[in-house]
Number of protein chains: 2
Amino acid sequence: MTGKPSRRQLFGYAGAAAAGAAVTGGAVALGNSSSDPASAQPAAARTIDPYGDHQPGIAAASPKHAELVALNLLPSTDDQAALGRLLRLWTKDIVALSAGRPALGDTAPELAVANVALTVTVGFGPKVFTLPGLTAKKPRGFSAVPAMSHDRLQPQWSGGDLLLLVGADDPVSVVHAVRRLVADAAPFARPVWRQTGFWNGTGSDGKPVTGRNLFGQVDGSGNPAPGTPEFDSTVWSTDGWLTGGTTLVVRRITMNLDTWDELTRSEQERAVGRTLSNGAPLTGSVEQDDLDLEKRDAEGRLVIAETSHARLSHHSTNDGRRIFRKGLNYVQDTGATRESGLIFLSYQADIVSQFLPLLARLDAADALNEWTTTIGSAVFAIPPGFREDGWLGRTLLT
Amino acid sequence: MTGKPSRRQLFGYAGAAAAGAAVTGGAVALGNSSSDPASAQPAAARTIDPYGDHQPGIAAASPKHAELVALNLLPSTDDQAALGRLLRLWTKDIVALSAGRPALGDTAPELAVANVALTVTVGFGPKVFTLPGLTAKKPRGFSAVPAMSHDRLQPQWSGGDLLLLVGADDPVSVVHAVRRLVADAAPFARPVWRQTGFWNGTGSDGKPVTGRNLFGQVDGSGNPAPGTPEFDSTVWSTDGWLTGGTTLVVRRITMNLDTWDELTRSEQERAVGRTLSNGAPLTGSVEQDDLDLEKRDAEGRLVIAETSHARLSHHSTNDGRRIFRKGLNYVQDTGATRESGLIFLSYQADIVSQFLPLLARLDAADALNEWTTTIGSAVFAIPPGFREDGWLGRTLLT
């Protein structure tokens, strides 16, 4: 064990404020345009700028804590004007909460704290595109996910007309922000499900890492890197009002840790196609090595097995189409019984062409299906970001 | 907003490793004897030493995340020898997990990570003192808490023969450690309830703070400070095998945020007797000011009201007897409905003389009873710590 390096050691900056800005500045710069005002405010440290071309929580590193709330529209929220009133309100809330300031009417203003890397991501469910005036605005490739043969979908984790996804380094801040946003939505929409998750994207040495799910696997290695052209073309829509936005598929996946633990490590690694120790493909040595899908062992078997998760989810088997996936671990207790799993988040410009073929292939053959079951599913169109003079959803709702 | 200060700024040390050690070294040094080996290992940074006169999680700062698991003994765990086997096993697990090493037989060894300030606190419930050979070892003043008039106790949050309390800065580490400890207990005991909580003891500027509950109140101001004679006499037992240990009362308290929010801020402050802004007594200006219980306002009313929580829980109204309280916020979702509350932890050498009179007084008159309801209650004797050549519970079980 060694001492945790200070930020200035990690980032090589001379000043603590500059180093702090580098931590989140990366996320902001990656997710938003280079004209982002955060670059002129290095003192903002662990505050993530809410403004930009894109909602900032998407490209940002996975938050330590997150809560997803799906809401259904009340019958009276029956047109785009009503929805616009809610979205203007949420925009003001988001600007305040991101900065650690209480939102208007905050009943626990002291719980609004700065420097917790809080982000709020908002999405529109399928129902929104049935409202008068919005039926022609349904994005290209925005589709509900059909039930797969291995799915055991439960209504209480599925669907929803609106999404709030709040992430932060501190769970109190997440709970407080969600409470404010849900309270302000009360005249317009009511929660139908809530999912709480957590992720550890920091190594023991304080450096960013991909993170692990509760099977112990490094989870998310194959992702396109935020800031690259590949990421941009994978994630950001160029379709009308959604330009600069994206779509999100939320899947709640239970993981049977008890039966998984009955496997040997090599059986576990063969099911995934990657090592447990560092997430490297079984044909490579480090996590970011690309897969060699042709390589065979001495007995002539494919090293990355036909049914391995890594092979079946590799973009080369998906006509080169990618997704950007993020995971949140969850535990759900019923009395003394604990269920463990993953809240799987897939961002892509187009669900039909990028996500559905991948999902169908995994459903048909993924070795992991023996230990995982999807019990919830929902889709949302994620509008682009907003500027100081704008508001979230304006390109759709005006 | 300003940049988050680096540790070296906060602690005024020249080296990052030394500063890191100061963060947790404080907790260790406060909670344990001055011969604690941590003082010779400044590089241990965010790792809390498992060895010492006391279990280290008690005096340590509240963890960001914690899980409490109560277990009931299986019928075959019917004597102190069987219990001793479990406690020896847990001791080895705790030593490994605290250092970020996988425990023996760990099925997800990569989830054991260092530098997350992980602590494990173990306790014995009342049933333990009914086992052959242990009936005479029931600690002085160790008593179940009788149901209070405002309690609405639910069996699923109450009782238990053994307690595991795992805290860390990272929730994945908490979940992993609990899984290992519960798995190793399987031949001996089975979980009966689990409670998950969180706390934010770090201010926006990175400095330690008391922290707030979900009403937004600063919660825990009146505590004796770890490392003081007052803390030692409040918390540590001097009774036979429990010497260096303590007792813990766990209360699960729901908080009705909706009706609480209907109050004005001054009504909220009057119910508590402290300001919301910084937790100062209504008769003072900063959090650590002592209460002036005689002070009256211009109308002759007591400034700290008769029924205020701060007055009724003040040690001067409890024959000078104190407790050491720690809180963990929780949220519990049932479908779309969220319950919010506090997992209240009270440490004291003697439940009967220190805790019960306080509780009875609060039950009779505390203004907060209108917005809070206790739904779970449990008590545990917390054995002293252990040294490199020892094991947890040895003073009781041999």
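Along each chain, residues carry numbers from 1 onward, in the same order as the chain's sequence is written. Following the order in which they are written, the chains are lettered starting with A and the ligands numbered starting with 1. pLDDT decides what is reported in this predicted model: residues at 70 or higher carry local features, side-chain atom pairs at 80 or more are listed and counted, and totals for whole chains, interfaces and linings draw on all residues regardless. Only heavy atoms go into the side-chain values, all of them from the structure, while hydrogens and water stay out.

Looking up chain A in an unreviewed UniProt entry gives the name Dyp-type peroxidase, with the organism given as Kribbella sancticallisti. The Cofactor (unreviewed entry) field of the UniProt record for chain A holds the comment "heme b". UniProt positions are given in the numbering used here, feature names are shortened, and annotations may be inferred rather than shown by experiment.

**Q** Quick question: what am I supposed to make of the overall build of chain A here?
**A** A run of DSSP states H or I qualifies as a helix once it reaches four residues; a run of E qualifies as a strand once it reaches two. Both are numbered from the N-terminal end. Looking only at helices and strands, chain A features 10 helices and eight strands. Whether a residue is buried, partly exposed or exposed follows from its accessible area with a 1.4 Å probe, protein chains only, as a fraction of its type maximum: under 20%, in between, or over 50%, in that order. When each of the 398 residues of chain A is scored for burial, the buried share is 59%. Using a 1.4 Å probe, the Shrake-Rupley method yields the accessible areas, and only the shown protein chains count as cover for residues. Just so you have it, chain A exposes about 15,100 Å², and 53% of that area is on carbon and sulfur atoms.

**Q** What is the right way to read the packing of aromatic side chains from this model?
**A** When the centres of two rings from Phe, Tyr and Trp lie within 6.5 Å, Trp using its six-membered ring, the rings pair. Their planes under 30 degrees apart give stacked, over 60 give edge-to-face, and anything left gives tilted. Taken as a whole and assessed by the stated rule, the structure comprises 20 aromatic pairs over all chains. Arranged with centres 6.4 Å apart and planes meeting at 35 degrees, the rings of Phe324(B) and Tyr347(B) form a pair that is tilted. Here the residue Phe324(B) occupies a position in strand S6 (residues 324-334), and Tyr347(B) occupies one in strand S7 (residues 337-348), the gap between them amounting to 23 residues. Each of the two residues, Phe324(B) as well as Tyr347(B), counts as buried. Taken together, Phe124(A), Phe129(A), Phe142(A) and Trp241(A) form an aromatic cluster joined through their ring pairs.

**Q** Sorry, what's going on with the pattern of salt bridges here?
**A** One side chain can pair with another of opposite charge once the charged atoms of both are near each other. All names here are of chain B. Each salt bridge in this description consists of a side-chain nitrogen of Lys or Arg and a carboxyl oxygen of Asp or Glu lying within 4 Å of one another. Taken as a whole, this structure holds 26 salt bridges over all chains when the rule is applied. Linking Asp 333 and Arg 338 is a salt bridge whose minimum nitrogen-to-oxygen distance equals 2.7 Å. Among the residues examined, Arg 338 registers a relative accessible area of 18% and is labelled buried.

**Q** What's the story with unusual backbone geometry in this structure? I'm lost.
**A** Across the chain, the bulk of peptide bonds are trans and the bulk of non-glycine residues have phi less than zero. Positive phi values are uncommon outside glycine, yet Ala117(A) reaches one of about 55 degrees. Structurally, Ala117(A) is set in the loop between helix H3 (80-98) and strand S2 (119-124). The phi dihedral of Asp319(B) falls on the positive side, at around 55 degrees, and the residue is not glycine. Note on placement: Asp319(B) falls in the loop between helix H8 (309-312) and S6. A relative accessible area of 70% means that Asp319(B) is categorised as exposed.

**Q** Would you mind going over helix H4 (residues 171-185) of chain B with me for this structure?
**A** Quick reminder: α-helices carry 3.6 residues per turn. Residues three or four places apart thus point the same way. Residues and elements named next belong to chain B. End to end, H4 covers 21 Å across 15 residues, agreeing with the expected 21 Å (1.5 Å per residue, within 8%). Burial of H4 is extensive: 13 of the 15 residues sit out of reach of the surface. By the criterion applied in these results, polar contacts are pairs of N or O atoms within 3.5 Å in which, for protein atoms, one can donate a hydrogen and the other can accept it, and in which residues neighboring in sequence qualify only through two side-chain atoms. Capping of H4 at its N-terminal end is provided by Asp 170; its side-chain oxygen lies 3.2 Å from the backbone amide nitrogen of Val 172. Given the number of residues in a helix, its expected span is that number minus one, multiplied by 1.5 Å.

**Q** What is the right way to read the packing of helix H3 (residues 80-98) of chain B against H4(B) from this model?
**A** In helix packing, the relevant descriptors are the interaxial angle and the interaxial distance, both defined with respect to the helix axes. Residues and elements named next belong to chain B. Axes, fitted as lines to C-alpha atoms, cover a helix only where it is in contact. Angles between the N-to-C directions of the axes lie from 0 to 180 degrees. One can describe the packing of H3 onto H4 by two numbers: an axis separation of 10 Å at closest approach and a directional angle of 160 degrees. Between H3 and H4, the angle is such that the two are roughly antiparallel. For the pair H3 and H4, the sense of crossing is right-handed. Counting all contacts with H3, which are made through Leu 86, Leu 89, Trp 90, Asp 93, Ile 94 and Leu 97, the residues of H4 involved are His 176, Ala 177, Arg 180, Leu 181, Asp 184 and Ala 185. Polar here means any residue other than Ala, Val, Leu, Ile, Met, Phe, Trp, Tyr, Cys and Pro, which are nonpolar, and Asp, Glu, Lys and Arg, which are charged; Gly is therefore polar. When the residues that make up the contact of H3 with H4 are grouped by side-chain class, the tally is eight nonpolar, one polar and three charged. Just so you know how the angles are binned, under 35 degrees is roughly parallel, over 145 roughly antiparallel, 65 to 115 roughly perpendicular, and the rest oblique. Helix crossings fall into two classes, left-handed where the near helix is turned counterclockwise from the far one by less than a right angle and right-handed where it is turned clockwise. Whether two residues are in contact is decided by their heavy atoms: any pair within 4.5 Å suffices.

**Q** Quick question: what am I supposed to make of the pairing of strand S3 (residues 162-168) of chain B here?
**A** Regular strands place side chains that alternate from one sheet face to the opposite one. All names here are of chain B. In terms of residue burial, S3 counts as a mostly covered element, since seven of its seven residues are buried. Because side chains alternate across S3, one face comprises the buried residues Leu 162, Leu 164, Val 166 and Ala 168, and the other comprises Leu 163, Leu 165 and Gly 167, equally buried. Across seven bridges, strand S1 (residues 65-73) lies against S3 in antiparallel orientation. Across the sheet, the residue bridging to Ala 66 is Gly 167, located in S3. Taken together, the six bridges between strand S2 (residues 119-124) and S3 define a ladder with antiparallel strand orientation. Looking at the pairing, Gly 123 lines up with Leu 163 of S3. The pairing criterion for strands is at least two bridges between them, as found by DSSP.

**Q** What is the right way to read the environment of Phe142(B) from this model?
**A** Residue and element names in this part refer to chain B. Here Phe 142 shows up in the loop between S2 and S3. Linking Phe 142 and Thr 247, residues 105 residues apart in sequence, is a C-alpha distance of 7.2 Å. If near-sequence neighbours (up to four positions away) are discounted, Phe 142 is found in contact with Phe 124, Gly 125, Pro 126, Phe 129, Thr 247, Ile 351, Val 379, Phe 380 and Ala 381.

**Q** What's the story with the pairing of strand S5 (residues 246-255) of chain B in this structure? I'm lost.
**A** All names here are of chain B. Most of S5 sits inside the fold, with 10 of its 10 residues counted as buried. With burial as the criterion, each face of S5 is covered, one bearing Thr 246, Leu 248, Val 250, Arg 252 and Thr 254 and the other bearing Thr 247, Val 249, Arg 251, Ile 253 and Met 255. Looking at chain direction, S5 and S7 are connected through nine bridges and run antiparallel. From the neighbouring strand, Thr 247 faces S7, where its bridge partner is Gln 348.

**Q** Please clarify how the environment of Trp236(A) should be interpreted in this entry.
**A** Residues and elements named next belong to chain A. Mapped onto the elements, Trp 236 comes out in the loop between helix H5 (229-235) and strand S5 (246-255). For the pair Trp 236 and Pro 384, spaced 148 residues apart in sequence, the C-alpha separation works out to 8.7 Å. A polar contact is formed between the side chain of Trp 236 and the side chain of His 54, at a distance of 3.4 Å.

**Q** Which parts of the structure should I look at to understand the side chain of Gln217(A)?
**A** Residue and element names in this part refer to chain A. Within the secondary structure, Gln 217 is located in the loop between strand S4 (189-198) and H5. Since its relative accessible area comes to 9%, Gln 217 is described here as buried. In this structure the side chain of Gln 217 is engaged in a polar contact, spanning 2.9 Å, whose partner is the side chain of Asn 213. When residues no more than four places from it in sequence are discounted, the contact partners of Gln 217 are Gly 211, Arg 212, Trp 260, Val 272, Leu 276 and Leu 368.

**Q** What should I look at first to understand the side chain of Thr374(A) in this one?
**A** Residue and element names in this part refer to chain A. The topology assignment puts Thr 374 in strand S8 (residues 372-382). For Thr 374, a relative accessible area of 10% corresponds to the buried category. Contact partners of Thr 374, with chain neighbours within four places excluded, come to Asp 151, Arg 152, Leu 153, Arg 251, Arg 252 and Ile 253.

**Q** How do you make sense of the environment of Arg338(A) when you look at a structure like this?
**A** On the secondary structure map, Arg338(A) appears in strand S7 (residues 337-348). Leaving out residues up to four positions away in the same chain, Arg338(A) has contacts with Val331(A), Gln332(A), Asp333(A), Glu67(B), Val175(B), Arg194(B) and Thr196(B). At 2.8 Å, the side chain of Arg338(A) and the side chain of Asp333(A) are in polar contact. Within the local environment of Arg338(A), its side chain forms a polar contact with the side chain of Glu67(B), the two groups lying 2.8 Å apart.

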